[in-house]
Amino acid sequence: MTQIRERSVLFADLRGSTALFETLGNAEASGLVTQTVALIGQAVDENRGDIIKTLGDGLMAAFDNPRDGIKAAMRMQELLVKTSARSERLRHTHLQIALARGEVVEIHGDCFGDAVNVAARLLDHAGDGETVVTAEVVHGLTSAQKSRFRSLDHISVRGRAEPVHIYVLDQGRGDAAATQFGDIVRSAAPEGIRLVWQELDRVFDIEQMPIVLGRSTQATYCITDVRVSRSHARIDWQGSSFSLTDLSYNGTFVRFGAGGQTLSLRRGSCTLHGAGAIGLGGPPSETQAPTVRFEVLHLAEAASPMLMRRGGL
């Protein structure tokens, strides 16, 4: 039987499962991944959703009410965090979740439509442990739920002509990763960021966030190098600082200053401060790695030296 109705579509993807197959072997890893996907699937049942299908290391679900979809997403993240804390084998796994809302066509238990396509594509824009949703999902939430989401503005989604306004659930993760190499010195809030790759020299202000760095021609900052993923990394404005999130399979690497240590972001995030270099797919020290130089700018300070005048980056 065919039905057409409006639903919230959720995709969840378990990241880190490839490493499990390498370390545990096919049989044991398959059992563990299947068990973990079944575990997070419980959140769908708990919140009046329907599991449409499992996708190896993830699942697709649908909800009549967007509030139930968000509750399920939050519960999934909670279940995986608690489980990975008890299991060394799952310690480096993370969930990416995306939701979109719209009219879907249901045929023989499967779903088709724009909301399905958008939700699937949004996974490319989510970092580890992140839940990203479309504006249509946010509009159906309670005031309390809406307050937990931060706008990422409009992002080009592969296969769709019109940009999609998306939001990310604030996980309150802080800057633990960035501060492992020392405390971040915060001064007045920055007003812009400069990115330089080869001849591509651009300055972005906070109204132009987010910036997607990638090989896709639809990326905000397009880097035409085969080693760069279509959507490789994303720079967000988080109220008082710029945050860089890796979205790739090969990793993003950040070096602060001319000769500082390099921070590896593998599906993780860090706060950008001062000036430095971002390596896409490899550390900036590797000559083959496409490297973007950056400088966080205080545009009101006219005397502030610009990145292009600095050497050694």
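The paragraphs below set out a description of the structure included in this document. Every residue gets a number counted from 1 within its own chain, in the order that chain's sequence is written. In keeping with the model being predicted, local features are shown solely for residues with a pLDDT of at least 70 and side-chain atom pairs are shown and tallied solely at 80 or more, while totals for entire chains, interfaces and linings include all residues. The side-chain quantities take in all heavy atoms of the structure and omit both hydrogens and water.

### Some remarks on the sheet that holds strand β10 (residues 200-205)
And then number 1: Strand pairing follows a simple DSSP-based rule, namely that at least 2 bridges must link the two strands. A run of DSSP states H or I qualifies as a helix once it reaches four residues; a run of E qualifies as a strand once it reaches two. Both are numbered from the N-terminal end. A sheet is described by the order of its strands in space; here six strands give the open sequence β10-β9-β19-β18-β15-β16, paired in antiparallel fashion. Strand pairing shows two members of the sheet lacking a second neighbour, β10 and β16 (262-265), which therefore form its edges. Direction aside, the axes of adjacent strands within the sheet are offset by 20° on average.
And then number 2: Note that strand β15 (residues 252-256) and strand β18 (residues 275-280) share five bridges and pair antiparallel. Bridged to F253 within β18 is G279. Angles shown run from 0 to 180 degrees and are taken between the N-to-C directions of axes, each axis being a line fitted to C-alpha atoms and, for helices, limited to the stretch in contact.

### Some details on the packing of aromatic side chains
And then number 1: Stacked, tilted and edge-to-face are the three classes applied to pairs of Phe, Tyr and Trp rings, where Trp contributes its six-membered ring and a pair requires centres within 6.5 Å; stacked means planes under 30 degrees apart, edge-to-face means over 60, and tilted covers the rest. Inspection of every chain in the model, using the stated rule, returns three aromatic pairs.
And then number 2: When the ring of F204 is compared with that of Y221, the centres are 6.3 Å apart and the planes differ by 65°; the resulting orientation is edge-to-face. Of this pair, F204 sits in strand β10 while Y221 sits in strand β12 (residues 221-222), and the two are 17 residues apart along the sequence.

### Quick look at the environment of W237
And then number 1: Mapped onto the fold, W237 is located in strand β13 (residues 233-237).
And then number 2: Residues W237 and L152, spaced 85 residues apart in sequence, show a C-alpha to C-alpha distance of 8.5 Å.

### Focus on the pattern of salt bridges
And then number 1: Salt bridges are identified by distance alone: a Lys or Arg side-chain nitrogen within 4 Å of an Asp or Glu carboxyl oxygen. Counting across every chain of the model gives 18 salt bridges.
And then number 2: Close ionic contact of D68 with R48 constitutes a salt bridge, the shortest N to O distance being 3.1 Å. Pair noted here: D68 is in helix α3 (residues 66-86) and R48 is in the loop between α2 (26-46) and β2 (50-54), with a separation of 20 residues, a long-range link.
And then number 3: Partly exposed describes any residue whose relative accessible area lies between the buried limit of under 20% and the exposed limit of over 50%, with all areas from a 1.4 Å probe on protein chains only and scaled to the type maximum. Using a relative accessible area of 7% as the deciding quantity, one classes D68 as buried.
And then number 4: The exposure class assigned to R48 is exposed, which follows from its relative accessible area of 64%.
And then number 5: A salt bridge links E78 to R75; the shortest N-O distance between them is 3.3 Å. Here E78 pairs with R75, and both are found in helix α3, just three residues apart, close to one helical turn.
And then number 6: The exposure class of E78 is partly exposed, given its relative accessible area of 34%.
And then number 7: Taken together, the shared-partner salt bridges connect R5, R7, D50, D64 and E106 into one network.

### What to know about the sheet that holds β12
And then number 1: Read from one edge to the other, the open sheet built from five strands follows the order β12-β11-β13-β14-β17, with strand pairing classed as mixed. The open sheet has two edge strands with one neighbour each: β12 and β17 (269-272).

### Describing unusual backbone geometry
And then number 1: Along the chain, M209 connects to P210 via a cis peptide bond; the corresponding omega equals 0°.
And then number 2: With respect to the element layout, P210 can be found in the loop between β10 and β11 (211-214).
And then number 3: Although it is not a glycine, R48 sits at a positive phi angle of roughly 60°.
And then number 4: The phi dihedral of H108 falls on the positive side, at around 50°, and the residue is not glycine.
And then number 5: For H108, the location among the structural elements is in the loop between β4 (94-107) and β5 (110-112).
And then number 6: Here H108 falls in the exposed class, since its relative accessible area comes to 72%.

### Some words on the environment of D50
And then number 1: Within the secondary structure, D50 sits in strand β2.
And then number 2: Its relative accessible area of 35% is what places D50 among the partly exposed residues.
And then number 3: In sequence terms D50 and D64 are 14 residues apart; their C-alpha atoms lie 9.2 Å from each other.
And then number 4: Not counting chain neighbours up to four residues away, the residues in contact with D50 comprise R7, V44, M60, A61 and A62. In what follows, a contact means two residues having at least one pair of non-hydrogen atoms within 4.5 Å.

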